[in-house]
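Commentary on secondary and tertiary structure
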Amino acid sequence: WGKTGHRVTGEIAEKYLSKKAKKEISKLLDAHSLAFVSNFGDDIKSDAKFDHFGPWHYVNFPFGARYEDSPKSEKGDIIIGINKCITILKDDRSSREDKVFYLKMLVHFMGDLHQPLHIGLAEDKGGNDFQVRWFGEGTNLHTVWDSSILESYQMSYSEISKNADVLSERQLEAIQKGTPLDWMYDSRKLCENIYENTKVGEKLGYEYMYKYMNVLRSQLQKGGIRLAALLNNIYG
Ligand code: ADE
Ligand code: ZN
Ligand code: ZN
């Protein structure tokens, strides 16, 4: 996601944290919020010493294939990245510095896990090479999903967070259930649907925005709820 998407995920997660998790996280983040640190994973891209984390923001494998059966990138991917963050945070021997770093990365990657185009295809780099028009301007499908749809709301991240769906206890449990791998397959399904409904060079605008805005909002909300579920598990 772009900046707003990551902030919404962080803001929503905050509401679902246990008391214990909230306290531990506040200590590690010097009282900054999850929304505040949610774009750290992208901000460090400006420093070449963090280049090896680049492939941890996404995973690519063919439509119809299983992740488990597909050749893995030796540089890692979003599943390997999220599991690494969890391992570091659960390990009492990890340094405080590592815990802070990997906590900020986990907040970021749980956002990206819910961006359908981050569970993409290698041949077009997750839609980065899939050219489309957005309200008349040339762009690509990845950017439309990272930020253009959300920006067209003209709302701040806290307004978008406040407009999240009200969920029953049953709905909440269903969202929290499972593992990062299961959640990755939810995004993959949406990605396949998006490719079935979008053509290269297509002129996208308000119809596309209204067709997908609830899917997008729901993905941000699920990302936040599941991030909180992971953090509540880590901090007991
Ligand atoms: N670069 C290559 N594939 C990508 C993807 N699926 N998402 C983001 N960046 C990428
Ligand atoms: Zn992206
Ligand atoms: Zn990212």
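Residues numbered from 1 in each chain as written. Chains lettered and ligands numbered in written order. Predicted model: local features only at pLDDT ≥ 70, side-chain atom pairs only at ≥ 80, totals over all residues.

As named in an unreviewed UniProt entry, the chain is S1/P1 nuclease, taken from Aequorivita echinoideorum.

Side note on the overall build of the chain
The following threshold applies: Counting from the N terminus, the helices are DSSP H or I runs at least four residues long and the strands are E runs at least two residues long. Computation of the radius of gyration draws on C-alpha atoms, with the globule rule given as 2.2 Å multiplied by the number of residues to the power 0.38. Buried, partly exposed and exposed are defined by the number of other C-beta atoms within 10 Å of a residue's own C-beta, namely 20 or more, between the two limits, and 12 or fewer respectively, with C-beta atoms placed from the backbone. Remark: residues whose backbone-derived C-beta atoms lie within 7 Å of one another are considered to be in contact.
When helices and strands are counted, the chain shows 11 helices and 5 strands. Taking 2.2 N^0.38 as the reference for a compact globule, 236 residues should give roughly 18 Å; the C-alpha atoms of the chain span a radius of gyration of 17 Å, in line with that estimate. Expressed along its principal axes, the backbone C-alpha trace of the chain runs to roughly 50 × 40 × 35 Å. When burial is assessed residue by residue, the chain has 39% of its 236 residues classed as buried. Counting contacts in the chain only where the partners sit at least 6 residues apart, residues at least 24 apart contribute 73% of the total.

Quick word on helix 10 (residues 180-196)
Just so we agree on the cut-off: Expected helix span is computed as 1.5 Å times (number of residues minus one). Our arc is simply the arc of the directions from the helix axis toward the C-beta atoms.
Spanning 17 residues, helix 10 covers 25 Å between terminal C-alpha atoms, matching the ideal 24 Å at 1.5 Å per step. Turning to helix 10, its buried residues are Trp-183, Met-184, Ser-187, Arg-188, Leu-190, Cys-191 and Ile-194. Around the axis of helix 10, the buried residues are gathered within 165 degrees of arc, so they sit on the same side. Of the exposed residues in helix 10, those oriented more than 90 degrees away from the buried face are Asp-182, Lys-189 and Glu-196. Check the buried side of helix 10 and you find it contacts strand 1 (59-60), helix 5 (78-90), helix 6 (96-113), strand 2 (119-120) and helix 11 (206-234).

What to know about the site of ligand 1
Under the convention used in this document: To decide nearness, the C-beta atom of each residue is placed from the backbone, and the residue is near a molecule or strand if that atom lies within 6 Å of it. Each residue is assigned to one class: nonpolar for Ala, Val, Leu, Ile, Met, Phe, Trp, Tyr, Cys and Pro, charged for Asp, Glu, Lys and Arg, and polar for all the others, Gly among them.
Taken together, His-57, Tyr-58, Asn-60, His-118, Gly-120, Lys-125, Gly-126 and Asn-128 make up the full set of residues adjacent to ligand 1. Along the lines of polarity and charge, the residues of the shell around ligand 1 split into 1 nonpolar, 6 polar and 1 charged.

As for the pairing of strand 4 (residues 137-140)
This is how it is decided: For two strands to count as paired, DSSP must find a minimum of two bridges between them.
Strand direction decides the pairing type here: strand 3 (residues 131-134) and strand 4, joined by 4 bridges, are antiparallel. Counted as the bridge partner of Trp-134 is Glu-137 from strand 4. Where strand 3 folds back onto strand 4 in an antiparallel hairpin, the turn is made up of 2 residues, including Phe-135, whose phi is positive at roughly 45 degrees.

Notes on the pairing of strand 3
Where a strand is regular, its side chains alternate between the two sheet faces. Side chains Val-132 and Trp-134 of strand 3 all project onto a buried face; the interleaved residues Gln-131 and Arg-133 project onto a face where none is buried. Pairing between strand 3 and strand 5 (residues 203-204): 2 bridges, direction parallel. What sits directly across from Trp-134, in strand 5, is Leu-204.

Considering helix 11
What counts here: The reported bend at a residue is simply the angle between two axes, fitted to the 7 residues ending at it and to the 7 residues beginning with it.
With 29 residues, helix 11 should reach 42 Å at 1.5 Å per residue; the first-to-last C-alpha distance of 41 Å fits that figure. Approximately 45 degrees is the largest bend angle found in helix 11, and it occurs at Tyr-212. Downstream of helix 11 by a residue or two, Gly-236 has a phi angle that is positive, lying close to 55 degrees.

Structural notes on the nonpolar core
One broad trend across soluble globular proteins is that nonpolar side chains are buried collectively. Selection rule: In these notes, a nonpolar core means any group of buried Ala, Val, Leu, Ile, Met, Phe, Trp, Tyr and Cys residues linked to one another through C-beta atoms within 7 Å.
Of all hydrophobic cores here, the largest spans 55 residues; its most connected members are Ile-78, Ile-82, Leu-106 and Phe-109. For this core, the element with the highest residue contribution is helix 11, accounting for 10 residues. Non-local contacts of Ile-78, meaning those with residues more than four positions away in its chain, are made with Trp-56, His-57, Tyr-58, Val-59, Phe-109, Asp-112, Leu-113 and His-118.

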